[in-house]
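# Structural features, examined
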Amino acid sequence: MRKEIQKPKGKRVQTRQDIEKKKKMIVKTFFTIVALIVIFVIGMIANNFIILDNNKEINLVINNRNVTSNLKNNVLVENGVIYLSKPDIANFFDKYIYEEKDNNKIITTYEKKIATIGYEDNKININGSNKKIYAHAIKKEGTVYLPISEMKDVYDIEISNIEKTKVITMDSLKREQKKAIVKSGTAVKSSTNFISKTIDRVKKGDCVIVVSSNNGYTRIRTDNGKVGYIKSNKLENEFTVRESMEEEKQIEGKINLTWDYFSQYGSAPDRTGETIDGVNVVSPAFFYLDKNGNLRENIGSKGQAYIEWAHQNGYKVWPMVSNAEAATESLSITSKIMNSYELRQKLIESIVEKCVKYKLDGINIDFENMKQEDKDMFSRFVIELTPRLKEIGLITSVDVTAPDGGETWSMCFDRNVIGDAADYIVFMAYDQYGVSSTKPGTTAGYDWVKLSLNKFLKTEEISAEKIILAVPFYTRVWTTNPDGKTTSNTLSMKNIETVVPQDAERKWDDDLKQNYVEYTDEDNKKQVWIEDIASLKAKLSLITDNNLAGVGSWAKGMETDDVWQLFKTELSK
């Protein structure tokens, strides 16, 4: 009989599997402890001991944003003067900065300032006044550098050079700035992640700039110029150092501008006792360039009475500056002015002087018939004029044609730049078929106006709130004689009913959104695309649909009485 082996009572014998399982648990526990120690050490290093962000090159912080990685060239510091390259100034301050080859000067504009600086003299001209500075523009390896620390008044900034951390800060004086006091010492992190680089440390009592706050963290800038994050509960006593400076709009709501044209040979109309319901801007024909390129005025006592009448009735006065006589005389006169910095500045000074003298509210630049190759230089004129007018609280508006057509009529405008630089760009949405056309057609068909406006908005990328859509108070009577020759005459809205026969059939064109009439007069074929309340209402809908700045109308005195109520109603939608 087989004898069984008795196992000891109360004691379990370990199998090989048990031993292996125990070894695995020990190893797992060991590596877990090691991992925790590593995480703890990394956290301690990142959060408490080692500052990993030491600058090897100069870092540039503009408005609490480190832009060093976006620099095209290094920031230079020579003899205490900070230099920024022309491409970098173009990137951060003035995208229209320009080097005038004729006088070997750099021209830069910003907000309310236009400044000129050269390569030799330690002086700068700001808005027509010379100022002594301690440096000038320099060139290094073909790159132009400007002494930006000497140009703080131009760009309206304050600059600090923190040498120990190789950080330069530049802050706009128009932006809000807040500060707070540090409650207890802490690390400043590069992000809000648990493990992130320590870029600086702050201690109790330090005053830091508050950039923004979110989800329990505050983004700050330290005295060392480092921008990073700390927990919001580490700060107290937040206070505002500087309020943001917002530009006040001259006109609230939609602009309703009408041109009051009386040519350089006429005189301002007497509008005593008259009001124009809904209008808030009038643009009388006060200024023009003569055949020698000089700015002439057509104001006199009647013009001054007109300004007084407008202001008494709450209308802003943006007189028109026309190059009509100069353009008629020769394309080269306007071209000569546009291509010379000195002549541009002479014209700008004259405009500013007239505005101050007559207490005007703005200017409407109406330059037409210019050379296509002068497109960029006309833009320069607008770029340089606008800050001078802004400085004295005035508006710059510029008239342009539709973005299709002839070289001297349409291709002479860079609408994108004009729309960006000026306060308003005025689209003269008429003369689709104009005085020079040999083919009859509408003055301003809705479909053409809409198509052109879409080019302003989408192709030219102009902000809708800067576009004034100008509509016509006139049409044309087209006459085709038995030989097939076509001519046209301007017909004011107010005279349509007396010129077009009452028995002539009017047909609505839904593409043009106009009534069309055709009739015969002494063997001549007559054609009229009528401008009336219905056609204007359709065009005004484009202002509401696209949230444009407002409407302009050419010209006062050609309208029917009911248009002003229409404009007032449509613009209030």
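These numbers were taken from a predicted model, which means no experiment stands behind them.

Quick look at the overall build of the protein now. Within the protein, the secondary structure is distributed over 13 helices and 36 strands. The C-alpha radius of gyration computed for the protein amounts to 35 Å, which surpasses the reference 25 Å derived for 573 residues by more than 25%, pointing to a less compact arrangement than a globule. Considering the protein as a whole, with its 573 residues, one finds that 50% of them fall into the buried category. Taking as baseline every contact in the protein between residues at least 6 positions apart, the subset at least 24 positions apart corresponds to 66%.

Moving on, we get to the packing of helix α7 (residues 341–358) against helix α8 (residues 375–391). The geometry of α7 relative to α8 is characterised by a closest axis approach of 10 Å and an angle of 40 degrees between their N-to-C directions. Along this stretch, α7 crosses α8, giving a crossing that reads as right-handed. Note on element contacts: α8 touches α7 through Met377, Arg380, Phe381, Glu384, Leu385, Arg388 and Leu389, opposite Tyr341, Arg344, Gln345, Leu347, Ile348, Glu349, Ile351, Val352 and Cys355.

What follows is about the packing of aromatic side chains. Scanning the model with the defined rule gives 22 aromatic pairs in all. Seen in terms of ring centroids, Trp259 and Trp554 are 5.6 Å apart; in terms of plane orientation they differ by 55 degrees. Their pairing is tilted. With Trp259 in strand β21 (residues 255–260) and Trp554 in strand β36 (residues 550–554), the pair connects residues that are 295 residues apart, well separated along the chain. A relative accessible area of 1% places Trp259 in the buried class. An aromatic cluster is built from Phe262, Phe286, Phe287, Tyr306, Trp309 and Tyr315, whose rings are joined through pairwise contacts. It is Lys513 that lies over the ring of Tyr446; its NZ or CZ is 5.2 Å from the centre.

To continue, consider the sheet that holds strand β13 (residues 167–172). One open sheet holds the 4 strands; their spatial order is β2-β1-β13-β12, and the pairing between them is mixed. At either margin of the open sheet sits one strand with a lone partner, and together these are β2 (65–66) and β12 (157–162). With 6 bridges joining them, β12 and β13 adopt antiparallel strand pairing. By the bridge assignment, Glu158 is partnered in β13 with Asp171.

The rules behind each value
- Residues numbered from 1 in each chain as written.
- Predicted model: local features only at pLDDT ≥ 70, side-chain atom pairs only at ≥ 80, totals over all residues.
- Heavy atoms only, no water.
- Helix = DSSP H or I, 4+ residues; strand = E, 2+ residues; numbered from the N terminus.
- Rg over C-alpha atoms; globule rule 2.2 N^0.38 Å.
- Buried < 20%, exposed > 50% of the residue type's maximum accessible area, 1.4 Å probe, protein only.
- Contact = heavy atoms within 4.5 Å.
- Axes fitted to C-alpha atoms, helices over the stretch in contact; angles between N-to-C directions.
- Left-handed = near helix turned anticlockwise from the far one by under 90°.
- Phe/Tyr/Trp six-rings, centres within 6.5 Å; stacked < 30°, edge-to-face > 60°.
- Lys NZ or Arg CZ within 6 Å of the ring centre and 35° of its normal.
- Pairing = 2+ DSSP bridges.

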